[in-house]
Amino acid sequence: MIAIAIILSIGLLLIYSAVGGLSGSDSHYFLKQTVWVSLGIIAFILSVGIEPALWVKYAKYIYIASILLLVVIFPLRYVGLAGSRWIYIGGIAIQPSEFAKLSVIFILTRIFTRKRPYSIRNLIVPTILVLIPALIILKQPDFGTATIFPFILFFMIFWAKAPAYIVILLITIPSSLAFALLGYIKFAIFVFATFIIFYIFTLSRVKAFLLSAVNLLVGASTPFLWHLLKDYQKERLMTFLNPKADPLGSGYNVIQSVIAVGSGRIWGKGFMQGSQSQLRFLPHQRTDFIFSLLSEEWGFVGAFILLLLFYFILYRIIIFAQKTTVEEYYLLIGGVFAFISYQLFVNVCMSLGLLPVTGLPLPLVSYGGSSMIVTMFALGLPMSAEFRRRWL
Amino acid sequence: MILISKRRVTSLKIFILIVFLIIIGRLIHLQIYHGKEYTLMAESNRIRKVKIQASRGKILDREGEVLADEKPSYNLLYMLSQNALIDDPIIRELANILNISEEEIVKRIKERPSPFLPATLASDLPFNKVAEISERFGDTSALYIQPSLVRHYPNDEVACHILGYIGEVDKETLKKRRNEGLGLGDIVGKAGVEYTYDSYLRGKDGIRFIPITPTEKKVKLYETPPPIEPIPGCDIHLTIDLGLQRFCEETIGDRRGAIIVMDANDGSIYSLASKPTFNPNIFSGYVPADLWITLANDESHPLLNRAISASYPPGSTFKLVTASAALENGLVEPDEHMEVPCYGYFKFGNRIFHCWNPAGHGALTISEAITWSCNVFFFQVGLRVGIERLEEMSKRYHLGEKTGIDLPGEVDGLIPSIERLKRKFGDNYPKGEILNNSIGQGHVMVTPIQMAVLVSSLANGGKLVKPHLIDYITDPEGKIVYMAGREIISETGISEETRKIILDGMEGVLKRTGENRHYMCGKTGSAENPHGKTHSWFVSFCPRDNPRLVVVLLFEHGIHGEFYIHNVKQIIDYCRQNGIPDDHWPLEKE
């Protein structure tokens, strides 16, 4: 809890710096963020106070409600009540995709406690349920947020002690997508390698063959999937593979971010002294690239401390999961871990040029009300479980 | 709890630890290992270095009249590190104002060598465009109006060959003058004094550090280093007199030719006119690509400085050399008449060589032969002298060699020599060649400036002065940093007797053709040439006893040098009236 509080205050300071102080033209973002943080704390307290199993019990309704919220964006756009990702209600914008993340965690917990994901057949319904919000969000379009849903699914399957071959299959599917993009020969080698791995784990040639066939299919369909991506998404992927090809065009964000991070050096340039961020060379510094802002102004020391705090939180979440005796809590905590860690790693790695640019916020730090409330609520769940284990 | 897998929990712990370590490793790599480089990149990201052009030194005449100075101009720079895109509202509007296409603007931005360097979108903008741009884009850090200077020659064509012109430095010069801090795109002198004294004229450019932001608004948030102020170049004071230069150029008029007015004692050049001329202002600022083609194809060769960069047969003016060779070698006595008096022609073998006067000159002494410019007399002198002695005397007069005047592009010319003849014709070279040579025809080519130097030695008693245009150079504070002194190329070693005989002949030329109000000594020349009408020469100095000025006139296809003696007299009149070189002129002779 203390770690969360520290991160929240660091986050507020960073937002303060990102908007250029109270006199800046964007200062209202800072004031709003203080409101979001307060609401987040309330959400956290609520989450700790309420029995987590309750959410699992009503998971169906929560899920349906969140899908409806996602769908309703599209008609609302025409009447000006929604942007690409937001619904405007009384002057504030809410982001349904954030709430969808929670609902997916709840529904998967409910399904996996009843039907363990130990066979491929048992995976069909959960996969469909996860793909629905993912595809809607991809259509918004929000590639980064859409990718978190398959990851939560994968992680919870892994967490639910699914057989190894299923886990490996799930790892190989995205890998075969990537290898298929790299060329036929590399893809062929990859498929052959997966066949051998499957064979070792299943000791059944038929099963291994079938599983490789799935990979082959995925690889073959890659060109079609590539077509489905928007031009800017393709560009981003290609930019990630070679950012220096077009330093002033699509690679600009990554390069400016890396310059910001690198120029922070050990001690940073000081609070509100980062030229990259204060002069707005750094894009999206309130949201996606706030970690770069931190690294520039507070240097390696600041970034290291923030990472340490996150490490502590993630570690504690695992410990809480380990200690709980309730199956639903265990899965729920796994989902929360997947959600928080994925956003953290993807966001930080993106800022450091280790992953392609996707618009995922840094949990607890990036500006945004929905994200703040949902993250705080999600972090309340493991706390709630631990709280109940100790005192109830 | 059946679900919990200890192995999976442990592997997850290890996995997140690895991810954190990768991230920390990357942070160390970026921030600690390469921190310095990224700090520099961040700095160059937000600061553009813009050149503050140092003003080039002025070029002034001997009275301090301005021959070349600087005129303010404005360039438009694009400052951001991103590339602008077509359809960007700024680019669209800019294309309208500048009257060029959006694609062209985007291309110019893309073509700069580094994203951290500004791109020049337009140079030498007219003032109304500057006003329009700064009004419309005043608060945009994407654009910067760079005050600059362009070379300006207030007298346009006058003295263009002396001044030369400027232009962007080429690769070769850049390599040669690397240690002078020259950079790509710098302006250097390309011809004339601008070229010779470029190192003095050019100052040291300063640097202005301009903070920029990637967005439209200018942000004054960070300190930028103070500008490095430019150091202006030195002013060059020439010996040229602008009025005399203009007068000489008007004297040439529409003809092609050159007039040199030089101090007979120290080689200071008061006028070095060459026509046709060009306007050096066309090379300042934006130079259209077809300008060079136009100039190169112009058959009148306006860029050619005829006074130093073109060689002509000297014609009868060369008789001064032939006479010197004969007298110095004791081959002709002062009062000796040649075997064959002049009947208008001279028979050599079975060839007939004509005198310019078909009526003939009769029997003459050498001094009279100079006065009357009698070819027949000099044919016979030439036969006595021979090519070797003529070559030797030409060399003593420094003909066929550059004088070392402080202008680029001087040519050597050519003097006759046995080796050359043998090379061309073998051992059976035509023996009549010496006849042609002795009257300055055949393989003799000299430049007007060489003739001026030759005359100066006759005037001052044997010293071949080194011609120069520079008087002195002052630094921006007005302190003299260089002063030209009297320099002598060499001494001819011609005896006083020889000189007197030759000068008598030269004075006779003036007496023969009219009143000699300036105590002038002169020699005319009409040089036959394969290109058309004869070139006319008149080389002279005055006054005879206290020589001050050497005047050399060459008109291409001007027929007889004699036609232009009155022009030279007018030039001397001008000098007298305007105190060139000073007011201590002796009284005019009635």
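Quantities reported herein were computed from a predicted structural model and do not represent experimental measurements.

S.K.: Looking at this structure, how should I read the overall build of chain A?
M.R.: Scanning chain A from terminus to terminus reveals 16 helices and 2 strands. The proportion of buried residues among the 392 residues of chain A is 50%. When contacts within chain A are restricted to residue pairs at least 6 apart in sequence, those whose partners lie at least 24 apart make up 68%.

S.K.: Where do I start with the overall build of chain B in this structure?
M.R.: If you tally the helices and strands in chain B, you get 19 helices and 20 strands. Across chain B, contacts joining residues at least 24 apart in sequence account for 73% of those joining residues at least 6 apart.

S.K.: What's the story with the packing of helix α3 (residues 89-98) of chain B against helix α4 (residues 102-110) of chain B in this structure? I'm lost.
M.R.: Angle between the axes and distance between the axes are the two parameters that describe a pair of packed helices. All names here are of chain B. At a minimum axis distance of 9 Å, the contact between α3 and α4 shows a crossing angle of 115°. By the angle class used here, α3 and α4 are roughly perpendicular. Between α3 and α4 the crossing geometry is right-handed. Where α3 approaches α4, its residues Ile 91, Arg 92, Leu 94 and Ala 95 are matched on the opposing element by Glu 102, Ile 105 and Val 106. Partitioning the contact of α3 with α4 into residue classes produces 5 nonpolar, no polar and 2 charged.

S.K.: Just to check I follow, could you spell out the interface of chain B and chain A for this structure?
M.R.: It is common to report an interface's size as the accessible area lost on association of the parts. Listed per partner, the contact involves 37 residues of chain B and 40 residues of chain A. Elements with a minimum of two residues in the side of chain B that touches chain A: α1 (6-33) and α2 (35-46) of chain B. Residues belonging to the side of chain B that touches chain A are distributed by class as follows: 22 nonpolar, 11 polar and 4 charged.

S.K.: Which parts of the structure should I look at to understand the packing of helix α10 (residues 242-252) of chain B against helix α19 (residues 565-577) of chain B?
M.R.: All names here are of chain B. The N-to-C vectors of α10 and α19 enclose an angle of 165°; their axes lie 11 Å apart at closest approach. Judged by the angle between their axes, α10 and α19 are roughly antiparallel. As α10 runs across α19, the sense of the crossing is right-handed. Taking contact as the criterion, the partners of Leu 244, Phe 247, Cys 248 and Thr 251 in α10 are, on α19, Asn 567, Ile 571, Tyr 574 and Cys 575.

S.K.: So what exactly am I meant to see when it comes to helix α16 (residues 369-391) of chain A here?
M.R.: Each full turn of the α-helix corresponds to 3.6 residues, which orients residues three or four apart in the same direction. Here α16 of chain A is 23 residues long and its end C-alpha atoms lie 32 Å apart, about the 33 Å a rise of 1.5 Å per residue gives. Most of α16 of chain A is tucked away: 17 of the 23 residues are buried.

S.K.: Hey, could you run me through the confidence of the model for chain B in this one?
M.R.: Overall, the predicted model of chain B reaches an average pLDDT of 87, with 96% of residues at or above 70. Among the prediction metrics, the complex's ipTM stands at 0.87, with pTM recorded as 0.68.

S.K.: Can you help me understand unusual backbone geometry in this one?
M.R.: Of all residues except glycine, most have a negative phi; of all peptide bonds, most are trans. Residue and element names in this part refer to chain B. With an omega dihedral of -15°, the bond running from Cys 542 to Pro 543 counts as a cis peptide bond. A cis amide bond links Ile 580 with the next residue in sequence, Pro 581, at an omega value of 0°. For Pro 581, the position within the fold is in the segment after α19. Despite not being glycine, Ile 559 has its phi angle at roughly 70°, a positive value. Examined against the element boundaries, Ile 559 turns out to sit in the loop between β20 (549-555) and α19. We classify Ile 559 as partly exposed; it has 13 C-beta atoms within 10 Å.

S.K.: Would you explain the pairing of strand β19 (residues 532-542) of chain B in this entry?
M.R.: On a regular strand, each side chain points to the face opposite its neighbour's, so the side chains alternate between the two faces of the sheet. Residue and element names in this part refer to chain B. With 9 of its 11 residues buried, β19 lies for the most part within the structure. The antiparallel pairing of strand β18 (residues 521-529) with β19 creates a hairpin that spans 2 residues between the two strands. Relative to β20, β19 is paired through 7 bridges, and the arrangement is antiparallel. The partner of Cys 542 across the bridge, within β20, is Leu 549. Adjacent in sequence and paired antiparallel, β19 and β20 are bridged by 6 residues.

S.K.: Explanation requested: the sheet that holds β19 of chain B in the structure shown.
M.R.: Either a parallel or an antiparallel arrangement is found when strands of a sheet pair, and the pairing is made through backbone hydrogen bonds. All names here are of chain B. Here we have 5 strands laid out as an open sheet, ordered β11-β10-β20-β19-β18, and antiparallel in their pairing. Unpaired on one side and paired on the other, β11 (269-275) and β18 mark the two borders of the sheet. Taking each pair of neighbouring strands and ignoring which way they run, the sheet shows an average axis angle of 10°. The pairing of β18 with β19 spans 8 bridges and is antiparallel. Looking at β19, one finds that Cys 521 is bridged to Phe 541. Sitting on the sheet, helix α17 (residues 448-460) touches β10 (257-263), β19 and β20, and the angle it makes with β20 is about 150°.

S.K.: Whenever I open this one, the pairing of strand β9 (residues 235-238) of chain B confuses me. Can you help?
M.R.: Residue and element names in this part refer to chain B. Here β9 shows a buried face lined by Asp 235 and His 237 and a second buried face lined by Ile 236 and Leu 238. Across 2 bridges, strand β2 (residues 59-60) lies against β9 in parallel orientation. For Ile 59, the partnering residue across the bridge sits in β9 and is Ile 236. As paired elements, β9 and strand β15 (residues 470-474) share 4 bridges and run antiparallel to each other. Of the residues in β15, the one forming a bridge with His 237 is Tyr 472.

S.K.: Help me understand the nonpolar core, please; the structure alone is not making it clear to me.
M.R.: For soluble globular proteins, the rule of thumb is that nonpolar side chains tend to be buried together. One finds Ile 152, Met 156, Ile 333 and Val 336 of chain A to be the most contacted residues of the largest nonpolar core, which totals 122 residues. Looking at this core element by element, the count peaks at 15 residues for helix α15 (residues 327-351) of chain A. With residues up to four places along the chain from it excluded, the contact list for Met 156 of chain A reads Leu 108, Phe 112, Leu 331, Gly 334, Gly 335 and Ala 338 of chain A. Of all hydrophobic cores here, the second largest spans 118 residues; its members include Ile 259, Cys 374, Phe 538 and Val 552 of chain B.

S.K.: Would you mind going over helix α14 (residues 375-396) of chain B with me for this structure?
M.R.: All names here are of chain B. Helix length check: α14 (22 residues) gives 23 Å between terminal C-alpha atoms against 32 Å at 1.5 Å per residue, more than 12% under. Along its length, α14 shows its largest kink, about 90°, at Gly 386. Downstream of α14 by a residue or two, His 398 has a phi angle that is positive, lying close to 65°.

S.K.: Explanation requested: the environment of Gly 203 of chain B in the structure shown.
M.R.: All names here are of chain B. As for its position among the elements, Gly 203 is in the loop between α9 (198-201) and β8 (206-211). Through-space distance from the C-alpha of Gly 203 to that of Pro 230 is 7.2 Å; in sequence the pair is 27 residues apart. In contact with Gly 203, other than residues within four places in its own chain, are Ala 54, Ser 55, Arg 56, Pro 230, Ile 231, Pro 232 and Gly 233.

S.K.: Would you mind going over the environment of Leu 238 of chain B with me for this structure?
M.R.: Residue and element names in this part refer to chain B. By the element assignment, Leu 238 lies in strand β9. When the 30 C-beta atoms within 10 Å are taken as the criterion, Leu 238 is described as buried. On a C-alpha basis, the gap between Leu 238 and Ile 269 in space is 8.5 Å, while along the polypeptide they are 31 residues apart.

S.K.: What should I look at first to understand the environment of Met 451 of chain B in this one?
M.R.: All names here are of chain B. With respect to the helices, strands and loops of the structure, Met 451 is situated in helix α17. Note: C-alpha distance between Met 451 and Leu 553 (102 residues apart in sequence) is 9.6 Å. Leaving out residues up to four positions away in the same chain, Met 451 has contacts with Pro 314, Thr 317, Val 446, Val 539 and Val 552.

Scoring rules and cut-offs
- Residues numbered from 1 in each chain as written.
- Chains lettered and ligands numbered in written order.
- Predicted model: local features only at pLDDT ≥ 70, side-chain atom pairs only at ≥ 80, totals over all residues.
- Helix = DSSP H or I, 4+ residues; strand = E, 2+ residues; numbered from the N terminus.
- Buried ≥ 20, exposed ≤ 12 C-beta atoms within 10 Å, placed from the backbone.
- Contact = placed C-beta atoms within 7 Å.
- Axes fitted to C-alpha atoms, helices over the stretch in contact; angles between N-to-C directions.
- Parallel < 35°, antiparallel > 145°, perpendicular 65-115°, else oblique.
- Left-handed = near helix turned anticlockwise from the far one by under 90°.
- Nonpolar A, V, L, I, M, F, W, Y, C, P; charged D, E, K, R; others polar.
- Expected span 1.5 Å × (residues − 1).
- pLDDT = per-residue confidence, 0-100.
- Pairing = 2+ DSSP bridges.
- Core = buried A, V, L, I, M, F, W, Y, C linked by C-beta atoms within 7 Å.
- Bend = angle between axes of the 7 residues up to and from the residue.

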